[in-house]
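Chain by chain, the residues:
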Amino acid sequence: MYRNDKVIRRYSEPFKLKILAELTTGKHTKSELCKLYSIAPTTVNEWIKKYNRKDLMNTRVKVETKDEISRIKTLQKEIEQLKKLLLKKDLDAMVLDSYLEVAAEDLGYKSVAELKKKLSIKP
């Protein structure tokens, strides 16, 4: 066998439907079926998506207390405030750079860096 030789498996439609039916009955879990038939779990997930059987997908249930919910809301508000502050800071820096460009041009300096050096402004 060569290194790149892979076994490519093709499954028939009835076989795929049989696996999904067994999964639906709850007799076996997805991992048990994968081991039993030597199928990758991602393959079964693709079949679930293909046949639009979202009821068979793993579901995630998130349990939170009221304290956690309020903390999350507080953190989200804080994030929004920080985003606004960062945006304001960026805009202020752009305005300052624009002012310095205009001032350098009006005062006859070759560049903004030269003006900053003359005025002892740190870059």
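Residues numbered from 1 in each chain as written. Predicted model: local features only at pLDDT ≥ 70, side-chain atom pairs only at ≥ 80, totals over all residues. Heavy atoms only, no water.

1. Looking at the pattern of salt bridges
Counted under the stated rule, the structure contains four salt bridges. Residue Lys 18 pairs with Glu 22 through a salt bridge whose shortest N-O separation is 4.0 Å. Note that Lys 18 and Glu 22 are positioned in helix 1 (residues 13–25) at a spacing of four residues, about one turn of the helix. With relative accessibility at 40%, the residue Lys 18 sits in the partly exposed group. One salt bridge in this structure joins Lys 88 and Asp 92, with 3.1 Å as the shortest N-O distance. Of this pair, Lys 88 and Asp 92 both sit in helix 4 (residues 66–107), four residues apart, roughly one helical turn. (Salt bridge = Lys/Arg side-chain N within 4 Å of Asp/Glu carboxyl O. Helix = DSSP H or I, 4+ residues; strand = E, 2+ residues; numbered from the N terminus. Buried < 20%, exposed > 50% of the residue type's maximum accessible area, 1.4 Å probe, protein only.)

2. A short note on the UniProt feature "coiled-coil region" (unreviewed entry) in the protein
Following the UniProt record, the feature "coiled-coil region" (unreviewed entry) maps to residues 65–92 here. With 96% helix and 0% strand, the stretch residues 65–92 has end C-alpha atoms that lie 41 Å from each other. (UniProt positions renumbered as here; feature names shortened; annotations may be inferred.)

3. With respect to unusual backbone geometry
With a phi close to 55°, Ser 38 is a non-glycine residue in the positive phi region. Despite not being glycine, Asn 52 shows a phi value in the positive range, around 55°. By secondary structure assignment, the location of Asn 52 is in the loop between helix 3 (41–50) and helix 4. Looking at Asn 52, the relative accessible area reads 56%, which means it is exposed.

4. Some details on the nonpolar core
If you look at the biggest cluster of nonpolar residues, it comprises 10 residues: Ile 19, Leu 20, Leu 23, Leu 33, Cys 34, Ile 39, Val 44, Trp 47, Ile 48 and Leu 56. Going through the elements one at a time, helix 1, helix 2 (30–37) and helix 3 are the ones with two or more residues in this core. Sequence-distant contacts of Cys 34, defined by excluding residues within four places in its chain, comprise Ile 39, Ala 40, Pro 41 and Val 44. (Core = buried A, V, L, I, M, F, W, Y, C linked by side-chain atoms within 4.5 Å. Contact = heavy atoms within 4.5 Å.)

5. Quick word on the packing of aromatic side chains
Each aromatic ring pair is characterised by the separation of its centres together with the angle its planes make. In this structure the tally under the stated criterion is four aromatic pairs. Judged by centre distance (5.4 Å) and plane angle (15°), the ring pair of Tyr 11 and Phe 15 falls under stacked. Given a relative accessible area of 23%, Tyr 11 falls into the partly exposed group. Plain terms: the ring middles of Phe 15 and Trp 47 are 6.2 Å apart, the flat faces sit at 85° to each other, and that makes the pair edge-to-face. (Phe/Tyr/Trp six-rings, centres within 6.5 Å; stacked < 30°, edge-to-face > 60°.)

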